[in-house]
Amino acid sequence: MKQYFKYGAYGLLALYCLFIISTVLTRQDYLWDFKCYYFAVKAYNEGLNPYDTQNLINHYGFYLYAFVYPPLTLLAFQPLSWLDYQVAAWIFVLVKLIMLGILLTLWQRFFLEKQGGLVFYLLCLLAFNGTLFIDFSAGNISIIEQFFLWWAFYFWLKGRLKLFCAAVLVAAFFKLVPLAFLGLLIFSRNPRRWYYLGSSSALGGLLIGASWLYDRALFGQFLKSMGQIDERGIYNPSLLSLLRDILKIPPMEKLSLLDGGLYLLIAVIITAVSWYYLRPVLKLKKSPDREKLILFLACLVYGLVAPRFKDYSYILLIPAVYFLWLKLNELGKLKPLIFLVVAVMLPSANRNMLGNATLPGFTLLTQILTQYHSLLLAALTWGFYLYYLRIAIPKRTWRKVTFQAAHNYFLPLFTNAAGRKRNADQTLSTEMRDTPS
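Think of each chain on its own: its residues are numbered from 1, step by step along the sequence as written. In keeping with the predicted nature of the model, local features appear solely for residues at pLDDT of at least 70, side-chain atom pairs appear and are counted solely at 80 or more, and the whole-chain, interface and lining totals rest on all residues. Water and hydrogen atoms were dropped before computing side-chain values, which therefore reflect all heavy atoms in the structure.

### Concerning the overall build of the protein chain
And step 1. In DSSP terms, a helix is any run of H or I states spanning at least four residues, a strand is any run of E spanning at least two, and both are numbered starting from the N terminus. Across its full length, the protein chain carries 19 helices and zero strands.
And step 2. A total of 437 residues make up the protein chain; the buried ones form 48% of that total.
And step 3. The criterion used for residue contact is that any of the two residues' heavy atoms lie within 4.5 Å. The long-range fraction of contacts in the protein chain, counting pairs at least 24 apart against all pairs at least 6 apart in sequence, stands at 73%.
And step 4. Here, Shrake-Rupley sampling with a 1.4 Å probe gives the accessible areas, and only protein chains in the shown set may cover a residue. Approximately 23200 Å² of the protein chain is accessible, and the part contributed by carbon and sulfur atoms is 66%. The buried label goes to any residue with under 20% of its type's maximum accessible area, the exposed label to any with over 50%, and the partly exposed label to all in between, with areas taken from a 1.4 Å probe on protein chains only.

Next comes the structure, spelled out in structure tokens:
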């Protein structure tokens with residue numbers, strides 16, 4: 001009976017996914033990002049400026065979102081322009097489906113200890129406000145980015161650093177920000193890690209420079225279009241957007257010392273706390289999970305501190321949530337386990353449904369809970385992850401790390417202070433002795 005229920009659940013899940021894909025392909029108001037890519041390339045081939053959104057809208061006669069990728073990416077989108085729009089859309093979605101299938105297999109086989117099941121697939125479908133569905137409905141390239149990024153992580157786990165660097169550079173071709181994951185090289189055991197970090201960082205810089213060389217005028221337009229982006233709320237639930245909403249900074253206003261400084265302060269605190277919890281992990285030389293613990297914590301920190309982290313970008317955090325689910329389950333921590341899974345799978349309430357029923361004085365809180373639902377869940381996952389590290393790593397390792405930190409950071413402060421006081425006392429004593437009475 002259990003097997004029938006299991007297969008029935010898988011069947012219903014598969015049918016629902018097919019329904020989602022058919023909806024994405026047939027609804028005219030979906031694939032808005034893909035439409036932006038397609039017609040930006042068309043416009044470029046016709047001699048128009050792909051970054052002049054209003055001009056493109058006037059030219060094609062329908063609404064388009066802004067094209068916000070470096071000029072060099074127009075070459076990657078060129079094959080789309082050779083096809084009819086509908087055919088190109090079908091091929092684009094099909095390629096993403098194939099990549100997603102490979103990605104799910106990669107996650108389960110190499111990152112999640114071959115323990116994927118119904119909970120895993122439900123998590124992929126529902127996690128972070130349905131982040132996978134948002135990517136497909138928008139027609140964004142996030143799945144493609146994640147595909148190369150997770151292959152990069154696989155190569156990092158295997159110690160194949162050349163392939164890791166190459167895959168990160170490919171993943172960063174469109175959005176550049178994934179270059180930050182080159183920082184994982186610092187935690188590699190390979191003695192040549194610093195060489196790989198320096199050379200791959202230089203290649204990342206060349207990737208940006210290549211766009212400038214490809215078309216300098218368009219590169220200036222690209223930078224201008226990037227400066228005009230100020231998405232917030234449920235579409236871009238990032239830390240910086242949350243702070244700007246809390247501070248009630250008007251849209252499109254430039255970054256100020258207040259919001260920028262506060263963002264940097266919180267980002268530094270998150271990074272510092274994570275580093276404190278990561279230090280015992282680095283001591284686990286023989287643990288098979290050492291690299292995975294580093295990787296998933298890095299993904300969570302990246303998701304929390306990235307200045308721009310769109311709703312479909314939360315795909316990155318799905319394996320971290322399920323990995324944490326497996327580990328808490330191993331330790332028998334049932335209460336946080338249930339709370340974590342239910343909270344992450346629970347979709348955010350639509351703010352428009354609340355109407356005027358918001359309790360007076362709680363408007364801002366309601367806005368944060370609904371519009372920044374995914375960010376809050378990422379923070380919750382990060383907190384549980386630190387909790388897991390605290391209880392899973394042996395106490396003697398924590399004591400050793402704490403002692404080393406006190407010895408390396410705090411003891412010199414007191415030693416230097418005592419030394420300065422002793423020197424001052426000696427100077428005063430010398431002056432008193434030399435002063436004639």
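Alright, that's what it looks like, and here's the rest.
### Here we look at helix α3 (residues 53-60)
And step 1. Within α3, burial applies to T53, L56, I57 and Y60. Take α3 and look down its axis: the buried residues cluster within an arc of 100°, on one side only.
And step 2. For α3, the elements touching its buried residues are α2 (32-45).
And step 3. After α3 finishes, the residue G61 shows a positive phi value of roughly 85°. Within this analysis, the arc is defined by the directions that extend from the helix axis to the C-beta atoms.

### A few points about the confidence of the model for the protein chain
And step 1. Within a predicted model, pLDDT stands for the predictor's per-residue confidence, ranging from 0 to 100. Per-residue confidence for the protein chain averages 82 on the pLDDT scale, and 82% of its residues sit at or above 70.
And step 2. Mean pLDDT values over the elements of the protein chain span from 40, in helix α16 (residues 351-354), up to 95, in helix α7 (residues 142-158).
And step 3. Here residues 349-359 is modelled with pLDDT under 50, and outside its nearest four sequence neighbours on either side it reaches eight contacts, counting other chains as well.

### Notes on the packing of aromatic side chains
And step 1. Planes of paired rings set the category: under 30 degrees apart is stacked, over 60 is edge-to-face and the rest tilted, where pairs are Phe, Tyr or Trp rings (Trp by its six-membered ring) whose centres lie within 6.5 Å. Scanning the entire structure with this criterion turns up 46 aromatic pairs.
And step 2. Between F67 and F77 the ring centres are 6.1 Å apart and the planes differ by 75°, which places this aromatic pair in the edge-to-face class. Highlighted residues: F67 in the loop between α3 and α4 (73-81) and F77 in helix α4, separated in sequence by ten residues.
And step 3. On the basis of relative accessible area, F67 is assigned to the buried category, the value being 1%.
And step 4. On the basis of relative accessibility, which here comes to 4%, the residue F77 falls in the buried class.
And step 5. Over the face of the ring belonging to F136 we find K96, whose NZ or CZ atom lies 4.8 Å from the ring centre. Only when the NZ atom of a Lys or the CZ atom of an Arg is both within 6 Å of the ring centre and within 35 degrees of the ring normal do we say a charge sits over the ring.

### Some thoughts on the pattern of salt bridges
And step 1. Each salt bridge in this description consists of a side-chain nitrogen of Lys or Arg and a carboxyl oxygen of Asp or Glu lying within 4 Å of one another. As enumerated under the stated definition, the model contains eleven salt bridges in all.
And step 2. With a shortest N-O distance of 2.5 Å, R308 and E231 are connected by a salt bridge. Pair noted here: R308 is in the loop between α13 (290-305) and α14 (318-330) and E231 is in the loop between α10 (216-227) and α11 (239-246), with a separation of 77 residues, a long-range link.
And step 3. Judged by its relative accessible area of 37%, R308 is partly exposed.
And step 4. For E291, the salt bridge is made with R290, and the minimal N-O distance between the two is 2.7 Å.
And step 5. A relative accessible area of 16% places E291 in the buried class.
And step 6. Looking at R290, the relative accessible area reads 4%, which means it is buried.
And step 7. The structure contains a network of salt bridges with shared partners spanning D230, R232, R244, D245 and D259.

### Quick look at unusual backbone geometry
And step 1. Non-glycine residue L176 carries a positive phi angle of around 65°.
And step 2. In this structure, K248 is a non-glycine residue whose phi angle is positive, near 55°.
And step 3. Looking at the secondary structure, you find K248 in the loop between α11 and α12 (257-282).
And step 4. Judged by relative accessible area, K248 falls into the exposed class, the value being 70%.

### Brief notes about the side chain of D33
And step 1. Tracing the sequence through the fold places D33 in helix α2.
And step 2. In this structure, D33 is buried with no salt-bridge partner, the nearest side chain bearing the opposite charge being K310 at 5.5 Å.
And step 3. Those residues in contact with D33 that lie beyond four places of it in its chain are A138, G139, N140 and Y312. The charge count treats Lys and Arg as positive and Asp and Glu as negative. His and the chain ends do not count.

### Things to note about the side chain of S374
And step 1. By the element assignment, S374 lies in helix α18 (residues 373-392).
And step 2. When its relative accessible area of 4% is taken as the criterion, S374 is described as buried.
And step 3. Aside from chain neighbours lying at most four places away, what touches S374 is F128, N129, P237 and Y314.

### Let's talk about the packing of helix α6 (residues 118-138) against α14
And step 1. To obtain an axis, a line is fitted to C-alpha atoms, over the contacting stretch when the element is a helix, and the angle between two such axes runs from 0 to 180 degrees between their N-to-C directions. Close contact between α6 and α14 brings their axes to 10 Å; oriented N to C, the two are set at 135°. As far as their axial angle goes, α14 and α6 are oblique. The way α6 lies across α14 gives a crossing that is right-handed. Here V119, F120, L123, C124, A127, F128, T131 and L132 of α6 come into contact with α14, specifically with I318, V321, Y322 and W325.
And step 2. Here the residues of the contact of α6 with α14 are counted per class, giving eleven nonpolar, one polar and no charged. Any angle that is under 35 degrees is reported as roughly parallel, and any over 145 degrees as roughly antiparallel; angles of 65 to 115 degrees are reported as roughly perpendicular and all others as oblique. Rotating anticlockwise by less than a right angle from the far helix to the near helix defines a left-handed crossing, while the corresponding clockwise rotation defines a right-handed one. Under the convention adopted here, Pro, Cys and the residues Ala, Val, Leu, Ile, Met, Phe, Trp and Tyr are nonpolar, Asp, Glu, Lys and Arg are charged, and Gly plus all remaining residues are polar.

### A short note on the environment of F153
And step 1. By the element assignment, F153 lies in helix α7.
And step 2. Judged by its relative accessible area of 0%, F153 is buried.
And step 3. Counting along the chain gives 142 residues from F153 to L295, while the straight-line C-alpha distance between them is 7.8 Å.
And step 4. Leaving out residues up to four positions away in the same chain, F153 has contacts with F111, F164, F181, L184, L295, C299 and L316.

### Re α2
Since the α-helix packs 3.6 residues into each turn, any two residues three or four apart lie on the same face.
And step 1. For a helix, the expected span equals 1.5 Å multiplied by the residue count minus one. An ideal rise of 1.5 Å per residue puts 20 Å on 14 residues; α2 measures up with 20 Å between its terminal C-alpha atoms.
And step 2. For α2, a buried count of ten out of 14 residues is recorded, marking the element as mostly surrounded by other parts of the structure.
And step 3. Listed as buried for α2 are D33, F34, K35, C36, Y37, Y38, F39, A40, V41 and A43.
And step 4. Positive phi shows up at G47, right after α2, with a value of about 90°.

### Some thoughts on the environment of I270
And step 1. Take I270: it is sitting in helix α12.
And step 2. A relative accessible area of 11% places I270 in the buried class.
And step 3. Spatially, the C-alpha atoms of I270 and W382 are 9.6 Å apart, while their sequence positions differ by 112 residues.
And step 4. The contacts of I270, once residues within four sequence positions are left out, are V301, L304, V305 and W382.

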